[in-house]
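Coordinate analysis (summary)
Read off the chains here:
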Amino acid sequence: MTRKHKVSAKAVDTRILAIYALDQLIDYIRTVAPDLKPDEATLLAAITLHSLPELFRENPLLVTRFREAAAEMKRKRRNPQSPTTNN
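The rules behind each value
Residues numbered from 1 in each chain as written. Predicted model: local features only at pLDDT ≥ 70, side-chain atom pairs only at ≥ 80, totals over all residues. Heavy atoms only, no water. pLDDT = per-residue confidence, 0-100. Helix = DSSP H or I, 4+ residues; strand = E, 2+ residues; numbered from the N terminus. Patch = residues over 30% accessible without salt bridge, like charges linked within 9 Å, V, L, I, M, F, W, Y side chains within 5 Å. Areas by Shrake-Rupley, 256 points an atom, 1.4 Å probe, with all protein chains shown as cover. Salt bridge = Lys/Arg side-chain N within 4 Å of Asp/Glu carboxyl O. Buried < 20%, exposed > 50% of the residue type's maximum accessible area, 1.4 Å probe, protein only. Axes fitted to C-alpha atoms, helices over the stretch in contact; angles between N-to-C directions. Parallel < 35°, antiparallel > 145°, perpendicular 65-115°, else oblique. Left-handed = near helix turned anticlockwise from the far one by under 90°. Contact = heavy atoms within 4.5 Å. Nonpolar A, V, L, I, M, F, W, Y, C, P; charged D, E, K, R; others polar.

1. As for the confidence of the model for the protein chain
Averaged over all residues, the pLDDT of the protein chain is 90; the fraction at 70 or higher stands at 90%. Ranking the elements of the protein chain by mean pLDDT puts helix α3 (residues 60-78) last with 94 and helix α2 (residues 38-58) first with 96.

2. A short note on a nonpolar patch on the surface
Taken together, the side chains of Leu22, Leu49, Leu52 and Leu55 define a hydrophobic patch exposed on the protein surface, amounting to about 290 Å² of accessible area. A total of three residues in the nonpolar patch trace back to one element, the largest contributor, which is α2. Residue position: leucine 22 is located in helix α1 (residues 9-32). The exposure class of leucine 22 is partly exposed, given its relative accessible area of 34%.

3. Digging into the packing of α1 against α2
In contact at an axis separation of 9 Å, α1 and α2 are set at 115 degrees when each is read in the N-to-C sense. Considered as vectors, α1 and α2 are oriented roughly perpendicular to each other. Relative to α2, α1 is oriented so that their crossing is right-handed. Residues Leu22, Leu25, Ile26, Ile29 and Arg30 of α1 lie in contact with α2, whose contacting residues are Pro38, Ala41, Thr42, Leu44, Ala45 and Leu49. Residue classes in the contact of α1 with α2 are distributed as nine nonpolar, one polar and one charged.

Given below as structure tokens:
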């Protein structure tokens, strides 16, 4: 039996944002390789996403930036009234 979990509006909003970002990546890929068909650009985007952990391992600065962004999100969660800092 499959259990259905209620998904919060915030989770739905963030998923929509992720889909939008993926669409932007696909559009960018098509500017780099305009001869790709939409499905090929989508596949290349998927390959790119799959490769991200290796890219992070090879670029410690990316990991540092992600940790900083995560710390900022946690800080805002603890104190939602504080101003946002732009890095």
